[in-house]
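Analysis of the macromolecular model
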Amino acid sequence: MAIIVNLDVMLARRKMSLTTLSEKVGITMSNLSILKKGKAKAIRFSTLEAICKTLECQPGDILEFENDEQ
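To keep things clear, this report deals only with the structure shown in the data block. (Residues numbered from 1 in each chain as written. Predicted model: local features only at pLDDT ≥ 70, side-chain atom pairs only at ≥ 80, totals over all residues. Heavy atoms only, no water.)

1. Overview of the pattern of salt bridges
As a reminder of what qualifies: Salt bridges are defined as contacts in which a side-chain nitrogen from Lys or Arg sits within 4 Å of a carboxyl oxygen from Asp or Glu. Put simply, DSSP H or I for four residues or longer makes a helix, DSSP E for two residues or longer makes a strand, and each gets a number counted from the N terminus. To sort residues, take the accessible area from a 1.4 Å probe on protein chains only and compare it with the maximum for the residue type: under 20% means buried, over 50% means exposed, and anything in between is partly exposed.
Under the criterion given, the structure shown has one salt bridge. Lys-53 serves as the salt-bridge partner of Glu-49, at 3.3 Å between the closest nitrogen and oxygen. Within this pair, Glu-49 and its partner Lys-53 are both found in helix H4 (residues 45-55), separated by four residues, close to a single helical turn. With a relative accessible area of 45%, Glu-49 lands in the partly exposed category. Relative accessible area serves as the criterion here: at 60%, Lys-53 is assigned to the exposed category.

Here's what the structure looks like:
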C-alpha cells in the first residue's frame with residue numbers, strides 16, 4: 001500500500017500506549033490496532049483530528065505517502 005501509517009512511531013515519541021490513546025480518543029483498541037498495522041481501508045477526518053489532538057501532532061506525522069513507482 002502506498003500510504004504508510006506511522007502511528008506506532010508517534011506513540012513511542014509521546015511515550016503513550018495504544019490503550020491510553022484508545023481511552024483518550026474514544027476509539028476501540030481493535031480499530032486502532034487495524035489502523036496501526038496499516039490494514040485500515042479508510043479513516044474519518046474526525047478520527048484523525050482526535051488522534052492528532054491527543055498526540056499533539058500533524059496528520060503528516062501519522063500518514064505518509066510512499067510512491068511505489070520508481
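Back to the write-up after that little detour.
2. Remarks on the environment of Ala-2
This is how the line gets drawn: In this description, contact between two residues means that some pair of their heavy atoms is separated by no more than 4.5 Å.
Its location among the elements puts Ala-2 in the segment before strand E1 (3-5). Accessibility expressed as a relative area gives 23% for Ala-2, which makes it partly exposed. Counting along the chain gives 65 residues from Ala-2 to Asn-67, while the straight-line C-alpha distance between them is 6.1 Å. For Ala-2, the residues in contact, after removing those within four places along its chain, are Glu-64, Phe-65, Glu-66 and Asp-68.

3. Things to note about a positive patch on the surface
How we decide: Patch definition: residues with relative accessible area over 30% and no salt bridge; like charges joined within 9 Å; nonpolar side chains (Val, Leu, Ile, Met, Phe, Trp, Tyr) joined within 5 Å. Throughout, the Shrake-Rupley method with a 1.4 Å probe supplies accessible areas, and for residues the shown protein chains are the sole cover considered. Asp and Glu count as negative and Lys and Arg as positive, but His and the ends of the chain are not part of the count. Lysine's charge is taken at NZ, arginine's at CZ, aspartate's at CG and glutamate's at CD.
There is a patch of like positive charges on the surface, built from Lys-36, Lys-37, Lys-39 and Lys-41. If you trace the backbone, Lys-39 turns up in the loop between helix H3 (29-36) and H4. Under the relative-accessibility criterion, Lys-39 is labelled exposed at 60%.

4. A short note on helix H2 (residues 18-25)
Inclusion rule: Taken from the helix axis, the directions to the C-beta atoms give the arc we talk about.
When we look at burial in H2, the residues that qualify are Leu-18, Leu-21, Ser-22 and Val-25. The buried residues of H2 occupy an angular sector of 100 degrees when the element is viewed end-on, so they sit on one face. The outward face of H2, more than 90 degrees from its buried face, is lined by the exposed residues Glu-23 and Lys-24. Next to the buried residues of H2 lie helix H1 (7-13), H3 and H4. Remark: Gly-26 follows H2 within two positions and exhibits a positive phi of approximately 85 degrees.

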